[in-house]
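Inside the fold
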4 protein chains.
Amino acid sequence: MIIMKSEATKEEITDVVKEIKKYGLKADVSRGEYRTVIGLVGDESKVDFSHFAVLPGVKEAVRVETPYKLVSKEYGKRFEDEGESRIISVGEIEIGGDEPIFIAGPCAIESKQQLFRIAEGVKKAGAHILRGGIFKPRSSAHSFQGLGANGREGAEEALNWLCEAGKQFEMPVITEVRGENQVDLISEYVDIMQIGARNMYDQDLLTSVARKKKPVLFKRHFGAGIEEFLSFAEYIAVEGNKDIILCERGIIPIGKGKNFTRYTLDLAAIPAIQKETYLPIIADPSHATGRRDLIFNMSCSAIAAGASGLMVETHYNPVEAMVDSQQMITPDELKEVIEVCRKISRLLVSAKKKM
Amino acid sequence: MIIMKSEATKEEITDVVKEIKKYGLKADVSRGEYRTVIGLVGDESKVDFSHFAVLPGVKEAVRVETPYKLVSKEYGKRFEDEGESRIISVGEIEIGGDEPIFIAGPCAIESKQQLFRIAEGVKKAGAHILRGGIFKPRSSAHSFQGLGANGREGAEEALNWLCEAGKQFEMPVITEVRGENQVDLISEYVDIMQIGARNMYDQDLLTSVARKKKPVLFKRHFGAGIEEFLSFAEYIAVEGNKDIILCERGIIPIGKGKNFTRYTLDLAAIPAIQKETYLPIIADPSHATGRRDLIFNMSCSAIAAGASGLMVETHYNPVEAMVDSQQMITPDELKEVIEVCRKISRLLVSAKKKM
Amino acid sequence: MIIMKSEATKEEITDVVKEIKKYGLKADVSRGEYRTVIGLVGDESKVDFSHFAVLPGVKEAVRVETPYKLVSKEYGKRFEDEGESRIISVGEIEIGGDEPIFIAGPCAIESKQQLFRIAEGVKKAGAHILRGGIFKPRSSAHSFQGLGANGREGAEEALNWLCEAGKQFEMPVITEVRGENQVDLISEYVDIMQIGARNMYDQDLLTSVARKKKPVLFKRHFGAGIEEFLSFAEYIAVEGNKDIILCERGIIPIGKGKNFTRYTLDLAAIPAIQKETYLPIIADPSHATGRRDLIFNMSCSAIAAGASGLMVETHYNPVEAMVDSQQMITPDELKEVIEVCRKISRLLVSAKKKM
Amino acid sequence: MIIMKSEATKEEITDVVKEIKKYGLKADVSRGEYRTVIGLVGDESKVDFSHFAVLPGVKEAVRVETPYKLVSKEYGKRFEDEGESRIISVGEIEIGGDEPIFIAGPCAIESKQQLFRIAEGVKKAGAHILRGGIFKPRSSAHSFQGLGANGREGAEEALNWLCEAGKQFEMPVITEVRGENQVDLISEYVDIMQIGARNMYDQDLLTSVARKKKPVLFKRHFGAGIEEFLSFAEYIAVEGNKDIILCERGIIPIGKGKNFTRYTLDLAAIPAIQKETYLPIIADPSHATGRRDLIFNMSCSAIAAGASGLMVETHYNPVEAMVDSQQMITPDELKEVIEVCRKISRLLVSAKKKM
């Protein structure tokens, strides 16, 4: 990456970008409050950095070796104010700041009535963002696949409900994009586009979602190491979109015998990732545990690990949900989760200030 | 599933299909040499099978509990001649019979010259099918992504070369489809469409590839259990396409310290899967091990485990390959692999006959 | 298990035990405040429970199917007051109650001076129990193996220091027992005997440690599922010793690329295990993460998950520690950990009371 | 390690050993046909190798960085004839040569009659070595634990039968040692001492078994990486015992849903390990798969991967076995396994000669 002097001119920046292009690479220009940093997109192994170091306006030219360059802490430190973490704004909500953010709603939207009743409940409970699944492809080809499976009409109807519910209850909305063909449609309706765990490795989807320039909720694949997770987040960043909210949602369990949790929530990954990147990271205890009776503890645990928020599946009557009924909590339970999590978060913030 | 009497009429079959639709389910009609079997696509938990058992022409009505119904051994036994395994024909090549089939070629097509030289080499070595990657998205956003990354033109040029090479050296051709947007294009050119490990869970892609009615090479995801692997193969089968070639290519390694192989080739999955389904299964020792010096042994080992064939990355000069150079073998080495594998396969076939 | 009536006589209990022995099984008699429960040790599949149900003094006779019978919640509910969790007393310390317990000290005892200085530090920081390793077998045969490797004399000297430090700073002491040959020696000195993760499967060691009738800290193996963990804890319980403190210390990480944490701390296992057993469970963030900079967050996170305490490696100058130097925290850092953890624990306790 | 000149004298060797001891290290002196190599046991990071290089009789002084020095290929190459693999002789049987060796017998010895009948069967089938378990601690504290659980008498009786059966049917015998307390007893009776997967990490057991100077069958732990496996084998080698037969027996399966095999047999580990060490490696398809119907294929597969032999559980009537009945094969099935495996092995040997 090329760190420009604070007094560098536009022309000097343009010249550096031109030089980068000569190597067949692309440039990622990040303008921070005090200086501008230019990242090199592509294989920089043959780049002569000493040549860049002496160009006018350049303060420093550094080779970055990790496969995640543009999302790395090292890169972020140069253009972000504090460098510690990026705050992503969605309407009036700020993700990545001192206050944890709660995303809640049903796993799958089943009807307008169901969605609105849940939306009202989660808003009252203190949630900030409304989630609702449209496309719900399942492990078995023989199960309910979400309203989106009824073709474009079914999808649009559900998306309209989601937007309306968001407006009525004053919450930005989020839904998952399952394939490139859905990107245009969904981006028209929602505030945050979610890339699910199973699609983490789908570079084409990542690229086309990134280009919509909306915030992206990016879930870790259940078989991905941390390095891979960040390397694929980089696919979003190289499109010039750094509004990426990472999400830990559990990795494949190991060990013989009955699994007591659906996945293994890897909470140590949260502070570990925060040492590597400036992107905020939240947790999804619902999919990770698959158990309603563990949500309270694992929500508290994730916030205590340092998560910037939670995504929690909520339903007024969990047993009648068509998808994931065994992992839903009620709005009343959500309220309790949010209250305790907020208190834990404040304990951490004040402890951090002392350190 | 509904097993029809051998003398059942077309009308009787149609009536059964109508009854199935009344439940909101779809019907999969498989006509075998001796009888017709009708699978129920969808959630059959509320179906009253005793009602079906007494319909005219019905011999038997059985509930199938596994999430993989249409690809299950139990289902196959009813309409396949032997029920043991399905033979999939691609041109004059038969996959799933007594003779193992070898798919070889470069990981990524880099140029016409490169592809033709390799195609000639693998043909001489005894390979049956030519592979060549067009779209090669990589773990790092900063590496070479295949000729397909140069837009539709780059992709079409490479696909044309692949077809030409296939014709010139008399081999059917195969390439990987990485996203729904590529399905139409690629299906025009190739004989077999490959769904890679990272896309195993992408139901939309599976569905749209299946509808092309061409044979599909379906790779197991590196984090997938056997049950999941077969449950997602079912997504292809419910579209009426049972020409599915399964492929074991290694699962995530566990254990601390340096990994000596890229993935863990799960060879016991091969005979285990053969007890569950009639679909043929092959192995990919190249991606599984990531090591040229292990290909010979692991090829022999996969065939001894019962694999119906192998997919092996080949290059005349491995070190100059732009992708996966450390796991390529030369055409000469491939020849040795094929010869020994054939002998092992014959040993197994004659041992089986004695049992 | 056989649940006796509250008014059952000693003779009636003895008669039931005799009947159990006729089946070649052993009996585990647990006297609770209100009633006595008798567990069957051994394979009870051929036992005729209807026969037991009509014996004098018997209230109920129930077959227990899990491989962990004597440590199961179901069994505990019958003889423990609340049945929710067992409180294990070590001196004046209570493990399993509302207050979290902190075990701290060096990974390996290196000298008397080192141990005493650390003991003083952790006591001031608020720790309750002092740990110190005597036998430290390592992954490499070529590294420092602990003072115990210097034969019985070395071990006894270190054990004497540990006891003295415990007395001087008023903390019970704990050390790990690595093999059957060490059981007699170590049990003379310490208040709690630790069975490490690598020995979780060593039934002979479990049995001989259990027979010392001292509290046992029992760590989960890094490859063990929850069912296995509890099934092996059962080996201690069948010896009549139910003072078992479980400890989650991380499982094998999956995923490719660099590991950012040494193991994967499976915090959801904590509440999941608490639904299965009445035994208390603590966490060891030091071995799980292997990273000093993650200890604070993962300690808070473990307590928020519901852990009854923590085991934290501590050293006044981490860099000079001969073993695990990269995962030690200082007494000052421990103080901060303990303070915040206590506050989080109180938040949970008061939230639970409201539920 | 220190490589001595071929003409080095005894005194020169002694002097080098003395120098090594000055560093607080131990010396491992390996006399090969052509030269003597001296390994340094312990942490050699502070050793000044240039100082050794100039001592009389020294040809070369090299620092070895891996945690497995004495079992490494690099070390073996210096004193073994070919360096490729070590041949371990047990009576007239040679393990590690061109011919695969078959170890067979019951999982647990149940009675003299049972053992002798099986011994006769496996001998006729072509097996070379007789196995039989004495101590069979199980996952559940409530199951049959082997005759060794009946105290020393039970163990000795079973060991006597094993020896007798070995003599009568002319096969060396092997049994597993489960704890240090059993080492003296078992070493008096058997030809090969087995260290099971669950004890792989038990350094004290490894050391005391190694000191008996008998060949050791050393099984890979189901959660161990290759590097760890070899690092713990090193614990045996540093005691001067290099007659170590490695054994791959399956690692923990990953992936959700039903497990179709008990463990994941990691066959690529076999050739990978053969590149790292000169020690022979065999496979145990019985414990790895846990399925009788997969033994034939996985035996062939292991030999094709390059294994020097197999360990296969055998019983004349699998269903009546008290332990592991679902994974036993009959002597007739074993005969077929051995015959086909031998043919596969010969194919590999002749292919190797051509390369």
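Note that the structure is a prediction, hence the values are computed from the model and not measured.

1. Some remarks on the overall build of chain A
- Looking only at helices and strands, chain A features 12 helices and 14 strands.
- Taking 20 Å as the expected radius of gyration for a compact globule of 355 residues, we find that chain A reaches 21 Å, a close match to that expectation.
- For chain A, the spread of C-alpha atoms along the three principal axes comes to 65 × 50 × 45 Å.
- Across the 355 residues in chain A, those meeting the buried criterion constitute 67%.
- Intrachain contacts of chain A at a sequence separation of at least 6 include 67% that bridge at least 24 residues.
- In the form shown here, chain A has an accessible surface area of approximately 12700 Å², with 45% of it arising from carbon and sulfur atoms.
- Chain A carries 48 positive and 52 negative side-chain charges, and their two centres are separated by 2 Å.

2. Quick notes on the relation of the copies chain C and chain A
- When chain C is fitted to chain A, the residual RMSD is 0.1 Å, and the transformation amounts to a turn of 180° plus an axial shift of 0.0 Å. Expressed as an axis order, the relation between the two copies is that of a two-fold axis. Residues of chain C ranked by C-alpha distance from the rotation axis are headed by Ser301(C), positioned 2.2 Å from it.
- Here 100% of the contact residues of chain C are again contact residues in chain A; the copies associate through an equivalent surface.

3. Some words on helix α5 (residues 151-168) of chain B
Residue and element names in this part refer to chain B.
- Along its 18 residues, α5 runs 26 Å from first to last C-alpha, staying within 8% of the 26 Å computed at 1.5 Å per residue.
- In this structure, the buried side of α5 is in contact with α4 (112-125), β8 (129-131), β9 (173-176) and α6 (183-189).
- After α5 finishes, the residue glutamate 170 shows a positive phi value of roughly 55°.

4. A word on the nonpolar core
- Within the largest apolar cluster, 420 residues are counted, with the highest numbers of intra-cluster contacts made by Phe218(A), Phe218(B), Phe218(C) and Phe218(D).
- Not counting chain neighbours up to four residues away, the residues in contact with Phe218(A) comprise Ile195(A), Met200(A), Leu206(A), Phe229(A), Phe232(A), Ala233(A), Ile236(A), Ile244(A), Ile245(A), Leu246(A) and Cys247(A).

5. Digging into the interface of chain C and chain A
- Residue-level contacts link 49 residues of chain C with 49 residues of chain A.
- Between chain C and chain A, a total of about 3800 Å² is buried, with carbon and sulfur atoms accounting for 69% of that surface.
- Considering only the side of chain C, the residues that lose the most area to chain A are Ile254(C), Phe260(C) and Leu347(C), jointly responsible for 16% of the buried surface there.
- Across the contact surface, chain C and chain A share two salt bridges.
- For Glu336(C), the salt bridge identified is with Lys354(A), shortest N-O distance 3.6 Å.
- Counting every contact that joins chain C to chain A gives five residue pairs in polar contact (both at pLDDT 80 or more).
- No other element matches helix α12 (residues 331-354) of chain C, which puts nine residues into the side of chain C that touches chain A.
- When grouped by side-chain class, the residues that make up the side of chain C that touches chain A number 26 nonpolar, 10 polar and 13 charged.

6. Thoughts on the interface of chain B and chain C
- On the side of chain C, seven residues touch chain B, which itself brings seven residues to the contact.
- At the boundary of chain B with chain C, total buried surface from both sides reaches about 630 Å², with 63% on carbon and sulfur atoms.
- Where chain B meets chain C, there are zero salt bridges.
- If you look at where chain B meets chain C, you find zero residue pairs in polar contact (both at pLDDT 80 or more).
- Grouping the constituent residues of the side of chain B that touches chain C by class yields four nonpolar, one polar and two charged.

7. Considerations on the sheet that holds strand β2 (residues 26-31) of chain B
All names here are of chain B.
- Taken in spatial order, the four strands line up as β2-β3-β1-β4 in an open sheet, and their pairing is antiparallel. Strand pairing shows two members of the sheet lacking a second neighbour, β2 and β4 (58-61), which therefore form its edges. Ignoring strand direction, the axes of neighbouring strands in this sheet form an average angle of 20°.
- Across two bridges, the pairing between strand β1 (residues 2-4) and strand β3 (residues 36-41) is antiparallel. What sits directly across from isoleucine 3, in β3, is valine 37.

8. Side note on the side chain of Arg131(D)
All names here are of chain D.
- Considering the arrangement of structural elements, one finds arginine 131 in strand β8 (residues 129-131).
- Residue classification places arginine 131 among the buried positions, given a relative accessible area of 5%.
- Polar contacts involving the side chain of arginine 131 include one to the main-chain carbonyl oxygen of proline 106, which spans 3.2 Å.
- Side-chain polar atoms of arginine 131 contact the backbone oxygen of cysteine 107, separated by 3.0 Å.

9. With respect to the pairing of strand β9 (residues 173-176) of chain A
Residue and element names in this part refer to chain A.
- A two-sided burial pattern is seen for β9, the buried positions comprising Val173 and Thr175 on one face and Ile174 and Glu176 on the other.
- Since strand β8 (residues 129-131) and β9 lie parallel, the crossover through helix α5 (residues 151-168) that links them has a hand, and here it is right-handed.
- Pairing of β9 with strand β10 (residues 192-195) involves three bridges; the strand directions are parallel. Paired with isoleucine 174 across the strands is isoleucine 192, a residue of β10.

10. As for the pattern of salt bridges
- Inspection of every chain in the model, using the stated rule, returns 79 salt bridges over all chains.
- Arg342(C) is the salt-bridge partner of Glu99(C), the closest N and O atoms lying 4.0 Å from each other. Taken together, the positions of Glu99(C) in the loop between β6 (93-95) and β7 (101-105) and Arg342(C) in helix α12 put the pair 243 residues apart, joining distant regions of the chain.
- Residue classification places Arg342(C) among the partly exposed positions, given a relative accessible area of 23%.
- For Glu120(D), the salt bridge identified is with Lys124(D), shortest N-O distance 3.5 Å. One end of the pair is Glu120(D) and the other is Lys124(D), both in helix α4 (residues 112-125) and four residues apart, which spans about a single turn.
- Residue class for Lys124(D) comes out exposed when judged on its relative accessible area of 63%.
- Several salt bridges share partner residues, and in doing so they unite Arg220(A), Glu248(A) and Asp266(A) into one network.

11. Quick look at the packing of aromatic side chains
- Enumeration according to the criterion identifies 32 aromatic pairs over all chains in this entry.
- Summarising the aromatic geometry, the rings of Tyr201(C) and Phe232(C) are spaced 5.1 Å apart at their centres and angled 90° between planes, so their arrangement reads as edge-to-face. Of this pair, Tyr201(C) sits in the loop between β10 (192-195) and α7 (203-210) while Phe232(C) sits in helix α8 (residues 226-237), and the two are 31 residues apart along the sequence. This pair shows no difference in class: Tyr201(C) is buried, exactly as Phe232(C) is.
- Ring geometry for Phe232(C) against Tyr235(C): centres 5.7 Å apart, planes inclined by 25°, an arrangement best described as stacked. Taken together, the positions of Phe232(C) and Tyr235(C), both in helix α8 and three residues apart, correspond to about one turn of that helix.
- Residue Tyr235(C) is classed as buried on the basis of its relative accessible area, which comes to 6%.
- Grouping aromatic residues by their ring pairs yields a cluster made of Tyr201(A), Phe232(A), Tyr235(A), Phe222(B) and Tyr263(B).
- The ring of Tyr263(A) has Arg249(A) sitting right over it, with the charged end atom 4.2 Å from the ring centre.

Calculation rules
Residues numbered from 1 in each chain as written. Chains lettered and ligands numbered in written order. Predicted model: local features only at pLDDT ≥ 70, side-chain atom pairs only at ≥ 80, totals over all residues. Heavy atoms only, no water. Helix = DSSP H or I, 4+ residues; strand = E, 2+ residues; numbered from the N terminus. Rg over C-alpha atoms; globule rule 2.2 N^0.38 Å. Buried < 20%, exposed > 50% of the residue type's maximum accessible area, 1.4 Å probe, protein only. Contact = heavy atoms within 4.5 Å. Areas by Shrake-Rupley, 256 points an atom, 1.4 Å probe, with all protein chains shown as cover. Lys, Arg positive; Asp, Glu negative; His and termini not counted. Charge placed at Lys NZ, Arg CZ, Asp CG, Glu CD. Least-squares fit on C-alpha atoms with pLDDT ≥ 70 in both. Expected span 1.5 Å × (residues − 1). Core = buried A, V, L, I, M, F, W, Y, C linked by side-chain atoms within 4.5 Å. Buried area = accessible area lost by both parts, 1.4 Å probe. Salt bridge = Lys/Arg side-chain N within 4 Å of Asp/Glu carboxyl O. Polar contact = N/O pair within 3.5 Å; in protein donor to acceptor, adjacent residues only side chain to side chain. Nonpolar A, V, L, I, M, F, W, Y, C, P; charged D, E, K, R; others polar. Pairing = 2+ DSSP bridges. Axes fitted to C-alpha atoms, helices over the stretch in contact; angles between N-to-C directions. Right-handed = clockwise from strand over helix to strand, strands pointing away. Phe/Tyr/Trp six-rings, centres within 6.5 Å; stacked < 30°, edge-to-face > 60°. Lys NZ or Arg CZ within 6 Å of the ring centre and 35° of its normal.

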